[in-house]
Amino acid sequence: MEGGGGGSGRRVAVVGAGLAGLGAAQRLRGHGSLRLLEAAARAGGRVCTRPFASGLVEMGAHWIHGPSPGNPVFRLATRYGLLGPEAAREENQQAEAGGHPPLPSVTYGSSGRVLSSQVVSEARDLFNTLLASARAFCGSEEPPAPSVGQYLRTEIARRVPALGRGEEDAQRLQLAALAACFKLECCISGTHSMDLVALEPFGEYVSLPGLDCTFPGTSSRSGYSGLPDHMLSALPEGTVLLSKAVRTIWWQGSFREEGDEARDFPVRVECEDGDTFLADHVIITVPLGFLKERHQDFFQPPLPKRKAEAIRRLGFGTNNKIFLEFEQPFWEPEQQLLEVVWEDESPLEEPSANLEATWFKKLIGFVVLQPPEQHGHVLCGFIAGEESEYMETLSDAEVLSTMTHVLRTLTGNPHLPAPRSMLRSRWHSASYTRGSYSYVAVGSSGDDIDVLAQPLPEDPKDPRVISLGPGDAAAMREAGPPPGVGTDGQGWGQGTSGPEEHREVAFPIPVLFRGHQPTTLGSSH
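Computed from a predicted model, the values in this text were never measured in an experiment.

A word on the pattern of salt bridges
Part 1 of the argument: Scanning the model with the defined rule gives 29 salt bridges in all.
Part 2 of the argument: We note a salt bridge from Arg-420 to Glu-325, for which the minimum N-O separation is 3.8 Å. Of this pair, Arg-420 sits in the loop between α14 (396-411) and β22 (421-424) while Glu-325 sits in strand β18 (residues 319-326), placing them 95 residues apart in sequence.
Part 3 of the argument: Of the residues examined, Glu-325 reaches a relative accessible area of 12% and is grouped as buried.
Part 4 of the argument: One salt-bridge network, in which partners are shared between bridges, spans Glu-309, Arg-312, Arg-313 and Asp-448.

Following this line, the structure appears as structure tokens:
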């Protein structure tokens, strides 16, 4: 089948119906004919709300970080009436919280006891202080270490004698609590290890004002998925084709439709089911994890070397959630966060490489879903990295059994009732996603993000350079994805107008919003 969306105007194909692709399609209405091709059976990408227990849970994006007028996701969600009254309060939008305000919490140790809140707070305060100092090397020509992890460990090693006021047991416990902080930061950065995250560009990320908020999943509101659902419903019927996986994008050709010899198209999009679509321009919004695996065959001719190198250098990691429903809560009503510290660990020691035996130790803890009247008694656990990917290979029964064992160990209650049900995300196993979100890895920089966002062909004199330009790139960022969803579209440009300078292939690739904090605790997975 040869398709182009009909009409004699300029044809645009958008690949990927996450928030970036939907935002592009929404902004391009009325500027020619449009087709949006999505491999999955649903739109939304890494925004995915599912029913669980007595309510709804977010398999992917969870919070809006920095919910204030400067946040395009917040503006869209507000426009569609998807948020609760707290998010609309002006004082909440102006708060400089740097993410979540502290949740009422309890910290369980692997010895089966509740740990001293003072010891845990001291460790967390030290880690946050060192993390803030790591951001100060932004722009430095000679940072003290290549990675954030190496820098943090060096600074912690210097302070070991002072930890726990010199008492050996207290010192060991604070090191264990610091090891837990590293795991949390892996979830925040979407990486397996902070040793993979580049130190120098780490300080490029800043937090927008506003107290982080969620999408209420109630009878009148449909959770985070309500956002892509509203964006989808605003598009003309037939614009979005689901279960339409793209195999190859031919982007430097001269293609004609059967029966129309008068018109040449520079782009031919071939789908895995054999359908083809001819277009003047194509916008790519697929995840970086997919590009890392498939870009060599996905584009014909292959991408220029500097784009391929940018894809290779940038990091892309996995962050997953494990939801557990209980008949009755074992936690206190005021507790909203159950933190986990494995007391035999230290950030100064190499973690075990035996994933089968220790994968569950990467779990940072559990958020209690609120309110229980809506969700039931549900915990949401977060786990990142290779351990998270290993978890995906296990059966539901194996994961549920392991979670039961972990909670019995932490609480010191061998008879703690097992969860009555479980649901988990598996973002690495998703063929067209292959992970959760990106980070600036050691060996890469923010420049790689900008390179990835540049349209093709690169020669401005190319006569076919008449497709989506900076204005539309910025418009796509306007309706771009939530911080921490694999946040599509960093470095998309600064304009706000419609199509003026057109280019053939635009790249709102899913990489971090440059200059914005990508996530805080569990923003996406």
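Things to note about the packing of aromatic side chains
Part 1 of the argument: Counted by the stated rule, this structure contains 13 aromatic pairs.
Part 2 of the argument: Centroid distance Trp-63 to Phe-382: 6.4 Å. Interplanar angle 20 degrees. Geometry classified as stacked. Within this pair, whereas Trp-63 is found in strand β6 (residues 63-64), its partner Phe-382 is found in strand β21 (residues 377-384), the two being separated by 319 residues in sequence. Judged on exposure class, the residue Trp-63 and its partner Phe-382 are both buried.
Part 3 of the argument: Centroid distance Phe-326 to Phe-330: 5.4 Å. Interplanar angle 80 degrees. Geometry classified as edge-to-face.
Part 4 of the argument: These aromatic residues form a ring-pair network of at least three members: Phe-290, Phe-298, Phe-299 and Tyr-432.

Things to note about the confidence of the model for the chain
Part 1 of the argument: Per-chain confidence: the chain averages 85 in pLDDT, with 84% of residues scoring 70 or above.
Part 2 of the argument: This model gives residues 463-504 a pLDDT under 50, and the stretch forms 158 contacts once residues within four places in sequence are excluded.
Part 3 of the argument: Note that pLDDT drops below 50 for residues 507-525; the model gives that stretch 135 contacts with residues more than four away or on any other chain.

Overview of the nonpolar core
Part 1 of the argument: Membership of the largest hydrophobic core comes to 42 residues, with the highest contact counts inside it found for Val-148, Leu-152, Leu-178 and Phe-323.
Part 2 of the argument: For this core, the elements supplying multiple residues, two or more each, are α5 (117-135), α6 (148-159), α7 (168-189) and β21.
Part 3 of the argument: With seven residues, the top contributor of residues to this core is α7.
Part 4 of the argument: Not counting the four nearest positions on each side in its chain, Leu-178 is found in contact with Ala-123, Leu-126, Phe-127, Ile-156, Leu-163 and Pro-347.

Some words on the sheet that holds β22
Part 1 of the argument: Strand order in the open sheet formed by six strands is β7-β19-β20-β21-β18-β22, and the pairing between neighbours is mixed. The sheet terminates laterally at β7 (105-109) and β22, the two strands that pair on one side only. Ignoring strand direction, the axes of neighbouring strands in this sheet form an average angle of 20 degrees.
Part 2 of the argument: Pairing between β7 and strand β19 (residues 337-341): five bridges, direction parallel. Looking at the pairing, Thr-107 lines up with Glu-339 of β19.
Part 3 of the argument: Packed onto the sheet, α14 meets β7, β18, β19, β20 (365-368) and β22 and runs at close to 75 degrees relative to β18.

Details of the packing of α5 against α6
Part 1 of the argument: Contact pair α5 / α6: the axes reach a minimum separation of 10 Å and the direction vectors enclose 130 degrees. Considering their axes alone, α5 and α6 lie oblique with respect to each other. Crossing angle aside, the handedness with which α5 passes α6 is right-handed. Between α5, through Leu-126, Phe-127, Leu-130, Leu-131, Ser-133 and Ala-134, and α6, the contact on the second element is made entirely by Val-148, Tyr-151, Leu-152, Glu-155, Ile-156 and Arg-159.
Part 2 of the argument: Of the residues that constitute the contact of α5 with α6, the class distribution is nine nonpolar, one polar and two charged.

Re the environment of Gly-365
Part 1 of the argument: Examined against the element boundaries, Gly-365 turns out to sit in strand β20.
Part 2 of the argument: Judged by its relative accessible area of 3%, Gly-365 is buried.
Part 3 of the argument: The spacing of Gly-365 and Phe-382 is 17 residues in sequence and 6.4 Å in space, taken between C-alpha atoms.

A look at the side chain of Thr-402
Part 1 of the argument: Relative to the elements of secondary structure, Thr-402 occurs in helix α14.
Part 2 of the argument: Given a relative accessible area of 17%, Thr-402 falls into the buried group.
Part 3 of the argument: Those residues in contact with Thr-402 that sit more than four places away from it in its chain are Trp-359 and Phe-360.

Digging into the pairing of strand β12 (residues 260-265)
Part 1 of the argument: The pairing of strand β11 (residues 255-257) with β12 spans two bridges and is classified as antiparallel. Across the sheet, residue Phe-255 finds its bridge partner in β12, namely Phe-265.
Part 2 of the argument: Between β11 and β12, which pair antiparallel in sequence order, lie two residues; one of them, Gly-259, sits at a positive phi of approximately 90 degrees.

Re the packing of α6 against α7
Part 1 of the argument: The interhelical angle for the contact between α6 and α7, taken along N-to-C directions, is 165 degrees, at an axis separation of 12 Å. The orientation of α6 relative to α7 falls into the category roughly antiparallel. Between α6 and α7 lies a crossing of right-handed hand. Contacts between α6 and α7 involve Gly-149, Leu-152, Arg-153 and Ile-156 on the former and, on the latter, Leu-175, Leu-178 and Phe-182.

Parameters at a glance
Residues numbered from 1 in each chain as written. Predicted model: local features only at pLDDT ≥ 70, side-chain atom pairs only at ≥ 80, totals over all residues. Heavy atoms only, no water. Salt bridge = Lys/Arg side-chain N within 4 Å of Asp/Glu carboxyl O. Helix = DSSP H or I, 4+ residues; strand = E, 2+ residues; numbered from the N terminus. Buried < 20%, exposed > 50% of the residue type's maximum accessible area, 1.4 Å probe, protein only. Phe/Tyr/Trp six-rings, centres within 6.5 Å; stacked < 30°, edge-to-face > 60°. pLDDT = per-residue confidence, 0-100. Contact = heavy atoms within 4.5 Å. Core = buried A, V, L, I, M, F, W, Y, C linked by side-chain atoms within 4.5 Å. Pairing = 2+ DSSP bridges. Axes fitted to C-alpha atoms, helices over the stretch in contact; angles between N-to-C directions. Parallel < 35°, antiparallel > 145°, perpendicular 65-115°, else oblique. Left-handed = near helix turned anticlockwise from the far one by under 90°. Nonpolar A, V, L, I, M, F, W, Y, C, P; charged D, E, K, R; others polar.

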